[in-house]
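Survey of secondary and tertiary structure
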Amino acid sequence: MLKTKLNKPNPTSKLILRKKLLDTLESGKQKKLTLISAPAGYGKSVLVSQWIDHCDLQYSWYSLDISDNDINTFLRYTIAGIRSVYKDVGVEAEKLMETNSNPTYETIATQIINDLYDIQERFHIIFDDYHIIENQEINNLIYFLLNNLTENIKIVLITRSDPSIPLARLRSQQLITDIRLSDLCFNANNIYDFYKKCLNINLSINDAQSLELKTEGWIAGLQLAGLSLQGKGDVGDFINKLKGDNRYIMDYLIEEVLQQHTQEIKDFLLCTSILNQFNASLCNHILDIQNSQEIVEQLERKNMFIVPLDNECNWFRYHHLFASLLQHRLAVHFKDRIPELHTNASQWFENNDQLVFALEHSLTADDKERALSLFAGTIDHLWKTSQFGLILKFGGMFSLDELVKNSDICFIYFWVLFESGIIEQAELLINKLLQETKDKAILAKIYVCLNNLKAFTGDIESAYEYSELATQNISDDDAWWNGLAFLSQGESHLLRLELTKSFQSFEKTALIASEANIMYLQSISLAKASYVLWIMGNYSKAHQISKDLLDDFKAKTADKWPGVELLSCLIYCIVGSYQIGINHIEEGLRNTLLGYELSKKTNNGGFIASCMLMLADAYYLAGEYAKAITLIKELDTLPYKQAMKFLYILSDSLKCKLYMVTNQQDKLKPLFQKDIKSGKNHALETFIYKINNARYQITQGKIIEATKSLLEMAESLKREKIHGLLTEIELLLAKAHSIIRENDKAIDYLSDAILRTQDVGLIRIYINEGTEIENLLKECKRLVRTTKSAQSDKLNMEYIDKLLRAFEKQAHMPNLSLEDALSSRELDTLKLIAENLQNQEIAKALYISITTVKTHVRNILLKLEAKNRNEAVAKAKEKGILPS
Amino acid sequence: MAEKVIIKIQGHLDENWKDWFDGMVIKFEGDVTILSGKRKDNAYLHGILNRIRDLNLTLISVNPEHK
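First, a word on what this report is: a plain description of the structure on this page. (Residues numbered from 1 in each chain as written. Chains lettered and ligands numbered in written order. Predicted model: local features only at pLDDT ≥ 70, side-chain atom pairs only at ≥ 80, totals over all residues. Heavy atoms only, no water.)

**Focus on the overall build of chain B**
Looking only at helices and strands, one finds one helix and four strands in chain B. In chain B, the succession of α and β elements from N to C terminus is β-β-β-α-β. Within chain B, buried positions represent 42% of all 67 residues. Across chain B, contacts joining residues at least 24 apart in sequence account for 61% of those joining residues at least 6 apart. (Helix = DSSP H or I, 4+ residues; strand = E, 2+ residues; numbered from the N terminus. Buried < 20%, exposed > 50% of the residue type's maximum accessible area, 1.4 Å probe, protein only. Contact = heavy atoms within 4.5 Å.)

**Side note on helix H1 (residues 42–54) of chain B**
All names here are of chain B. In this model H1 runs 18 Å from its N-terminal to its C-terminal C-alpha over 13 residues, within 8% of the 18 Å that 1.5 Å per residue would give. Taken residue by residue, H1 has Tyr-44, Leu-45, Gly-47, Ile-48, Ile-52 and Arg-53 as its buried positions. Residue Asp-41 occupies the N-cap position of H1, its side-chain oxygen lying 3.3 Å from the main-chain nitrogen of Ala-43. (Expected span 1.5 Å × (residues − 1). Polar contact = N/O pair within 3.5 Å; in protein donor to acceptor, adjacent residues only side chain to side chain.)

**A word on the pattern of salt bridges**
All names here are of chain A. Tallying each qualifying case throughout the model produces 33 salt bridges over all chains. As a salt-bridge pair, Asp-88 and Lys-87 come within 3.9 Å of each other at their nearest N and O atoms. The burial state of Asp-88 is the same as that of Lys-87; both residues are exposed. For Arg-825, the salt bridge goes to Asp-828, with nearest N and O atoms at 3.2 Å. With Arg-825 and Asp-828 both in helix H47 (residues 824–834) and three residues apart, the pair spans about one turn of that helix. Residues participating in the shared-partner salt-bridge network are Asp-162, Arg-171, Asp-178 and Arg-180. (Salt bridge = Lys/Arg side-chain N within 4 Å of Asp/Glu carboxyl O.)

**Details of the interface of chain A and chain B**
One widely used convention gives an interface's size as the accessible area the parts lose upon coming together. Taken together, the contact between chain A and chain B spans 20 residues of the former and 15 residues of the latter. Between chain A and chain B the total buried area reaches about 1500 Å² when both faces are included, carbon and sulfur atoms providing 49% of it. At the level of elements, helix H13 (246–259) and helix H17 (320–333) of chain A are the ones that each hand at least two residues to the side of chain A that touches chain B. Tallying contributions element by element places H17(A) first for the side of chain A that touches chain B, with six residues. (Buried area = accessible area lost by both parts, 1.4 Å probe.)

**Observations concerning the sheet that holds strand S1 (residues 4–10) of chain B**
All names here are of chain B. The four strands are arranged S2-S3-S1-S4 in an open sheet whose pairing can be described as antiparallel. Across the chains shown, the open sheet's two edge strands, defined by having one partner strand only, are strand S2 (25–29) and strand S4 (59–64). Each strand of the sheet is rotated relative to its neighbour by a mean of 20°, with strand direction disregarded. Relative to strand S3 (residues 32–38), S2 runs antiparallel, the two sharing five bridges. Paired with Ile-26 across the strands is Leu-35, a residue of S3. Those strands touched by H1 are S1, S3 and S4, and its axis lies near 10° from that of S1. (Pairing = 2+ DSSP bridges. Axes fitted to C-alpha atoms, helices over the stretch in contact; angles between N-to-C directions.)

**Focus: the nonpolar core**
A general trend in soluble globular proteins is that nonpolar side chains are found buried together. Core analysis: the largest hydrophobic core is formed by 313 residues, its most contacted members being A:Phe74, A:Phe127, A:Tyr195, A:Tyr766 and B:Phe21. Ranked by the residues each element gives to this core, the list is headed by helix H34 (residues 605–621) of chain A, at twelve residues. Sequence-distant contacts of A:Tyr766, defined by excluding residues within four places in its chain, comprise A:Leu731, A:Leu750, A:Ala753, A:Ile754, A:Thr757, A:Ile773, A:Tyr799, A:Leu803 and A:Phe807. Counting 18 residues, the second-largest nonpolar core is a separate cluster that includes A:Leu846, A:Ile848, A:Val857 and A:Ala872. (Core = buried A, V, L, I, M, F, W, Y, C linked by side-chain atoms within 4.5 Å.)

**Regarding the packing of H47(A) against helix H48 (residues 839–846) of chain A**
Residues and elements named next belong to chain A. The contact between H47 and H48 brings their axes to 10 Å, and the two run at 130°. With respect to their mutual orientation, H47 and H48 come out oblique. Once H47 is placed against H48, the crossing between them reads as right-handed. Contact residues: Arg-825, Asp-828, Thr-829, Leu-832 and Ile-833 in H47; Ile-842, Ala-845 and Leu-846 in H48. For the contact of H47 with H48, a count of residues per class yields five nonpolar, one polar and two charged. (Parallel < 35°, antiparallel > 145°, perpendicular 65-115°, else oblique. Left-handed = near helix turned anticlockwise from the far one by under 90°. Nonpolar A, V, L, I, M, F, W, Y, C, P; charged D, E, K, R; others polar.)

**Focus: empty space enclosed by the protein**
All names here are of chain A. For the coordinates displayed, the defined rule picks out six cavities of 30 Å³ or more. Approximately 660 Å³ is the volume found for the second largest cavity. Along its surface, the second largest cavity is lined by 33 residues, and Leu-15, Gly-43, Val-46, Gln-223 and His-319 are the ones closest to its centre. Counting residues per element, the ones that place at least two in the lining of the second largest cavity are helix H2 (44–55), helix H11 (219–229) and strand S6 (306–308). The element contributing the most residues to the lining of the second largest cavity is H2, with five residues. When its residues are assigned to classes, the lining of the second largest cavity shows 16 nonpolar, ten polar and seven charged. (1 Å grid on protein atoms, 1.4 Å probe; cavity = no way out; pocket = protein on both sides within 12 Å on 5 of 7 lines; lining within 4 Å. Points joined across faces, edges and corners; volume = space filled by probe spheres on them.)

**Some details on the sheet that holds strand S2 (residues 58–63) of chain A**
All names here are of chain A. Ordered by their spatial adjacency, five strands build an open sheet running S2-S3-S4-S1-S5, and the pairing between neighbours is parallel. Looking at which strands have only one partner, the edges of the open sheet turn out to be S2 and strand S5 (176–180). Across this sheet, the average inter-strand angle for adjacent strands is 15°, counted without regard to direction. In terms of strand pairing, strand S1 (residues 33–37) meets strand S4 (residues 153–159) through five bridges, oriented parallel. Among the inter-strand pairings, Ser-37 is bridged to a residue of S4, identified as Thr-159. Sheet strands touched by helix H1 (residues 19–27): S1 and S5. Its angle to S5, the strand with the most contacts, is close to 160°. Taken strand by strand, H2 contacts S1, S2, strand S3 (123–128), S4 and S5, and its axis lies near 155° from that of S4.

**Topic: the side chain of A:Glu26**
Residue and element names in this part refer to chain A. Turning to its location among the elements, Glu-26 is positioned in helix H1. Note on Glu-26: relative accessible area 19%, which makes it buried. Not counting chain neighbours up to four residues away, the residues in contact with Glu-26 comprise Trp-51, Cys-55, Leu-57 and Arg-122.

**A look at the environment of A:Met612**
Residues and elements named next belong to chain A. Following the sequence through the fold, Met-612 ends up in helix H34. Considered as a pair, Met-612 and Glu-597 are 15 residues apart in the sequence and their alpha carbons are 9.2 Å apart. Setting aside anything within four residues of it in sequence, one finds Met-612 in contact with Tyr-596, Leu-631, Glu-634, Leu-635 and Leu-638.

**Details of helix H44 (residues 771–786) of chain A**
Residue and element names in this part refer to chain A. Spanning 16 residues, H44 covers 23 Å between terminal C-alpha atoms, matching the ideal 22 Å at 1.5 Å per step. All buried positions along H44 are accounted for by Ile-773, Glu-774, Leu-776, Leu-777, Cys-780, Lys-781 and Val-784. All buried residues of H44 project into a common sector of 160° when viewed along the axis, lining one side. Away from its buried face, by an angle of more than 90 degrees, H44 presents the exposed residues Thr-771, Arg-785 and Thr-786. (Arc of directions from axis to C-beta.)

**A look at the side chain of A:Ser292**
By the secondary structure assignment, A:Ser292 is in helix H16 (residues 292–301). Here A:Ser292 falls in the buried class, since its relative accessible area comes to 0%.

**Looking at the packing of helix H9 (residues 188–199) of chain A against H11(A)**
Residue and element names in this part refer to chain A. The interhelical angle for the contact between H9 and H11, taken along N-to-C directions, is 50°, at an axis separation of 11 Å. Taken together, the axes of H9 and H11 lie oblique to each other. In this structure, H9 crosses over H11, and the sense of that crossing is right-handed. Here H9 contributes Ile-191, Phe-194, Tyr-195 and Leu-199 to the contact with H11, which in turn contributes Ile-219, Leu-222, Gln-223, Ala-225, Gly-226, Leu-227 and Leu-229. Across the contact of H9 with H11, the residue classes tally to nine nonpolar, two polar and no charged.

**Brief notes about the layout of surface pockets**
All names here are of chain A. In this model, the largest pocket occupies a volume close to 1900 Å³. Surrounding the largest pocket, 48 residues form its lining, Ile-66, Ile-132, Ile-274, Asn-276 and Gln-327 being those nearest its centre. Here the lining of the largest pocket takes six residues from H17, the largest share from any one element. Of the residues in the lining of the largest pocket, the class split is 18 nonpolar, 16 polar and 14 charged.

**Observations concerning the packing of aromatic side chains**
All names here are of chain A. Throughout the structure, instances matching the rule amount to 33 aromatic pairs over all chains. Summarising the aromatic geometry, the rings of Tyr-620 and Tyr-625 are spaced 6.1 Å apart at their centres and angled 45° between planes, so their arrangement reads as tilted. The class of Tyr-620 is buried, set by a relative accessible area of 5%. Taken together, Trp-383, Phe-411, Phe-414, Trp-415, Phe-418, Trp-480 and Trp-481 form an aromatic cluster joined through their ring pairs. (Phe/Tyr/Trp six-rings, centres within 6.5 Å; stacked < 30°, edge-to-face > 60°.)

If you want it as structure tokens, here you go:
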């Protein structure tokens with residue numbers, strides 16, 4: 001972090017005070033945004049700086065450069081700036097950013113907004129050179145802040161072009177103070193004062209007017225003209241000779257100004273112009289001289305467009321426009337020297353432990369070898385602090401041949417590519433590395449990468465091979481790599497339907513992750529472990545795992561790390577699915593929805609797609625088919641769904657079920673014309689496909705075919721103890737036999753299914769199989785009453801009654817609608833209202849702004865048709881939304 | 001996309017700024033400097049426009065070339 005970027009430039013006392021503009025600024029103090037928008041060299045930064053000093057305001061100052069287009073970098077500096085004034089603000093936000101969970105800007109910003117809530121005084125967050133920002137996410141962040149910060153926190157944007165935020169809307173709400181070109185340019189009076197006070201030149205009033213006309217009040221031009229006037233006898237004559245256009249003046253004047261200096265100073269100015277900021281030591285190093293301190297002081301005295309960046313006068317930069325002019329001259333006159341200068345700068349930054357700058361300069365110098373070693377030195381830190389944008393940027397500047405020279409770079413860059421969904425590039429990189437290396441430890445990691453990649457894309461033949469290689473070769477003491485190796489091994493086993501092995505692998509990953517406290521791996525592996533147990537029919541343990549993990553997350557993150565909580569999205573969805581399964585529909589949908597909403601904030605394509613699928617499945621189980629179909633169609637458009645085999649299998653299966661219950665024959669046919677590879681490697685896909693096919697055959701009346709296929713599967717599932725899928729098959733067998741009036745057999749199968757599910761109380765998987773199952777249940781109930789057998793004794797009558805009641809309820813309410821129900825956040829708000837919390841307390845508890853709380857409250861009142869908060873709570877209890 | 005673009009700016013810009021306007025030809029017409037060149041893509045054009053902004057040049061117009 002470069003502290004100088006956070007320092008307000010201190011205008012020298014010699015500058016004139018712009019009283020009128022200061023009044024304009026101060027009179028706009030009620031407004032949220034101050035926008036100073038004008039071209040270079042009109043004194044924008046100086047004006048704001050004077051305003052701060054003159055009115056003694058609290059502020060944070062952040063001078064942007066190109067590297068600040070990364071949202072994480074931007075947030076980091078913004079927080080650091082605010083913390084230099086209020087040290088308690090943003091502590092949690094900073095921690096959150098270091099968790100590698102890639103939280104969204106909204107999560108971070110919400111933290112900051114809440115922290116700033118307690119500040120009572122007026123505070124200005126100032127962004128200088130905001131035109132540098134091209135990343136729309138940062139514009140959105142600024143807009144988010146403007147909408148959510150409390151009244152006394154102000155934002156100031158200093159920029160050369162208007163920012164891409166909805167200015168018109170803000171203007172119509174009277175939230176902007178505007179300072180523009182026409183306000184900033186100097187008139188003849190200003191020019192007169194400026195020359196007298198700052199440059200010690202006495203102008204006649206005619207000269208001043210002439211200068212105003214010719215420079216159009218452009219301050220930088222006036223300053224240049226003043227500098228080239230130094231020591232000239234006839235001021236009037238010089239001004240008369242000036243051409244009347246300030247663009248030309250600029251080119252002409254810079255030459256004039258440079259002429260006045262010795263060769264040494266000229267060299268210094270030109271060579272140091274490559275630096276965004278400099279101090280004496282850095283200048284000494286790149287020019288191989290000793291007296292930089294002296295030169296800098298001299299330049300500062302002469303007002304040579306040099307801006308001190310800190311109070312101690314250690315760091316400086318040139319005025320941007322002046323720097324551009326110098327750089328141009330450097331390129332015209334000493335083109336050959338430029339790479340050497342950058343290399344020198346790179347060395348200095350390296351010696352001073354500023355590796356990112358060192359890296360940037362070495363890349364500009366085109367010294368790839370050096371750049372690569374610097375990249376290697378810094379990439380681990382960038383990775384750990386989630387600066388994926390920078391890793392992608394730097395990584396993209398090297399060829400594959402260059403990258404594979406350093407395996408550490410390759411691995412981190414690979415994961416960043418992989419997680420960002422740039423799968424092809426990731427694969428090219430890792431294959432190249434595989435060709436180039438013979439080192440065993442490196443090979444082991446390559447196997448892990450390849451294994452993850454192959455398992456992800458469903459190339460199980462290869463994945464399985466790499467999985468064996470990876471787990472055999474990877475070193476035990478490296479938790480992250482070890483965990484990943486077992487994670488993808490579990491995935492391969494799952495796709496091969498080797499569930500016990502798969503579960504063991506996921507459990508092992510979870511253990512490794514929990515010991516090393518890697519929450520990311522832990523949540524993925526336990527989510528998967530829970531899924532495996534589910535299809536094995538070990539419902540209660542599956543539920544227990546996810547419930548424990550959720551409690552664990554809540555305990556660790558209570559009031560603290562909402563970003564880490566994002567990782568719990570998968571777990572919320574699983575817990576929700578389970579609740580729906582046992583007919584706790586409202587609660588279940590709420591949790592699943594919450595999980596899905598959380599996933600959207602993680603920016604992790606895999607999480608989003610998985611949670612979307614689970615939500616669609618939840619809607620299917622709850623009988624809300626339209627919503628499920630909408631979601632499953634949306635899932636089709638996600639790139640991750642296409643690439644990720646496991647998701648692809650499950651979403652196609654859900655599609656089959658949905659189109660069957662809604663009887664959309666035209667859409668079903670293509671789903672059963674798929675060509676599925678046979679063999680162990682595709683066992684999961686084959687089974688799930690066959691089950692749906694049998695379900696389809698039953699609706700088509702092809703009972704014999706369906707039964708044959710189902711029986712075959714049942715045999716093999718029994719052998720493998722995969723009881724979850726078996727239950728589904730038994731229900732289908734029961735249904736098939738009841739259709740051909742073999743009720744005895746049908747009831748046998750149904751009883752088998754009931755015995756598996758009655759202990760945990762699964763309800764919904766019965767409901768969607770339709771009336772055949774309902775009728776069988778009724779018959780089953782009658783049989784249990786009238787006949788005694790070992791089998792029927794074990795059946796739980798209460799459970800069967802519960803199933804029948806659920807069927808009845810479903811018939812009465814064919815479409816349970818949540819349309820008008822409260823959103824999950826509204827419900828959270830309502831719960832807190834019921835606890836008698838005030839808006840402010842609710843905002844804090846839910847990490848949202850007070851404005852958002854108010855919106856929620858308004859919606860709650862509308863939806864519950866309540867007049868006030870008390871009535872809303874009463875009505876909610878009446879409707880069973882809140883426990884009474 | 002690969003049509004030509006004509007950018008007019010106020011005043012006379014010295015020829016040696018050519019490097020800063022990658023691939024553009026600099027001509028003068030009266031008091032106006034005319035930059036012309038192939039419009040490679042949007043990013044290219046925005047880059048040129050940003051440079052005009054950062055050098056504090058007054059932008060008069062941006063047009064496709066008339067055939």
